[in-house]
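Chains, contacts and geometry: an overview
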Amino acid sequence: MRDPDRLLARAGVRGDPDRDQHFLVDDRVLDRLPTYLSDDAEIGHLLEVGGGTGGLTDRLLAKAGDDGQVTVVERDRDLAAFLREEFAEEVDEGRLTVIEGDALSVELPEFTASVSNLPYGVSSEITFRLLPEKRPLVLMYQQEFAERMVAEPGTSAYGRLSVSTQHYADVEIVESIPKEAFSPPPAVQSAVVRAVPREPAYEVADEEFFLRFVKALFTQRRKTIRNAIRNTAHISGLEEPEAVVEAADEDVLRKRADAMSPTAFAQLAGLALEVGEPETDG
């Protein structure tokens, strides 16, 4: 495997915290990241968001093997050019594709799994572009963000991010990464999250409304569900929030958002969709 420090030297770049650039340079961590894909994950076409100088790209090419493909999305023009030069042989063989652009707007390929050290400033937006694709993911985040993704109801970290993430997948933190693994070191510790896609244990008639409804109620997480429904109609789009309050179970109305399981949210969102006359695209 290519040495990450030598890749940095050949690229002639330094990380820039102001541009959210922290290069992962610990080769032991880089070696481990692809191994966190679940055993039954299909490896045929791996997607990497934020290729940097190619330390992880190199490992993903090895993971994909001679018959697999890797696509890297890199927004920095100079780094994208470096990746094409450094991995010219793999590009010529059709095993590697480098897409220069913003991962939030470029057209993504039909990938089978993604392993990525995400740019932390846009990690949430990228995550919720990847999760609906229902593919295995191994993604690196700030530790606090990762803990919120996997949090359970009734804990201080539980929130909108927890419900929205767990709507799409089973998620777990598989490793915490010290600051010193990066160049330059970020201000906080990092963590690797594995997300295994699965259907939720509940049904939602309108997924867009469900996620918007969850977002709305968590803006009033210290209020009871009764008051949160009434106070957030401008976010949820409910035309008749009072009708939802009248129809909901009293035990639910007395709870706060951080005590509601994803299933409980889904049931309440279904009721709101039925009687609250929400604004929907349909």
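Let me sum up the structure you'll find in this document. (Residues numbered from 1 in each chain as written. Predicted model: local features only at pLDDT ≥ 70, side-chain atom pairs only at ≥ 80, totals over all residues. Heavy atoms only, no water.)

**Some points on helix 3 (residues 55-64)**
Three or four residues apart is the spacing at which side chains of an α-helix point the same way, because the helix has 3.6 residues per turn. With respect to burial, helix 3 is a largely interior element, eight of its 10 residues being buried. All of the buried residues in helix 3 are Gly55, Leu56, Thr57, Asp58, Arg59, Leu60, Leu61 and Ala64. (Buried < 20%, exposed > 50% of the residue type's maximum accessible area, 1.4 Å probe, protein only. Helix = DSSP H or I, 4+ residues; strand = E, 2+ residues; numbered from the N terminus.)

**Overview of the sheet that holds strand 2 (residues 45-49)**
In space, the seven strands of this open sheet follow the order 4-3-2-5-6-9-7, with mixed pairing throughout. Of all strands in the sheet, those bounded by a partner on one side alone are strand 4 (96-100) and strand 7 (169-177). On average, each strand axis in the sheet is tilted by 20° relative to the strand beside it, whichever way the strands run. Two elements, strand 7 and strand 9 (residues 190-197), share eight bridges in a ladder whose sense is antiparallel. Counterpart to Glu175 in the pairing with strand 9 is Val192. (Pairing = 2+ DSSP bridges. Axes fitted to C-alpha atoms, helices over the stretch in contact; angles between N-to-C directions.)

**Observations concerning the environment of Phe213**
Along the chain, the position of Phe213 falls in helix 9 (residues 207-218). Expressed as a C-alpha distance, the spacing of Phe213 and Glu242, which sit 29 residues apart in the sequence, is 15 Å. Contacts of Phe213, omitting those with residues within four sequence positions, involve Ile229, Ser236, Leu238, Leu268, Ala269 and Ala272. (Contact = heavy atoms within 4.5 Å.)

**Regarding the pattern of salt bridges**
Considering all chains together, one arrives at 19 salt bridges under this definition. Salt-bridge contacts for Glu175 lead to Arg32; the nearest nitrogen and oxygen are separated by 2.4 Å. Linking Glu175 in strand 7 with Arg32 in helix 2 (residues 27-32), this pair joins segments that are 143 residues apart in sequence. Given the relative accessible area of 13%, Glu175 is considered buried. We classify Arg32 as partly exposed; its relative accessible area is 32%. Notably, a salt bridge pairs Lys134 with Glu199, separated by 3.1 Å at the nearest N-O pair. With a gap of 65 residues between them, Lys134 in the loop between helix 6 (123-130) and strand 6 (137-142) and Glu199 in the loop between strand 9 and helix 9 connect regions that are remote in the sequence. (Salt bridge = Lys/Arg side-chain N within 4 Å of Asp/Glu carboxyl O.)

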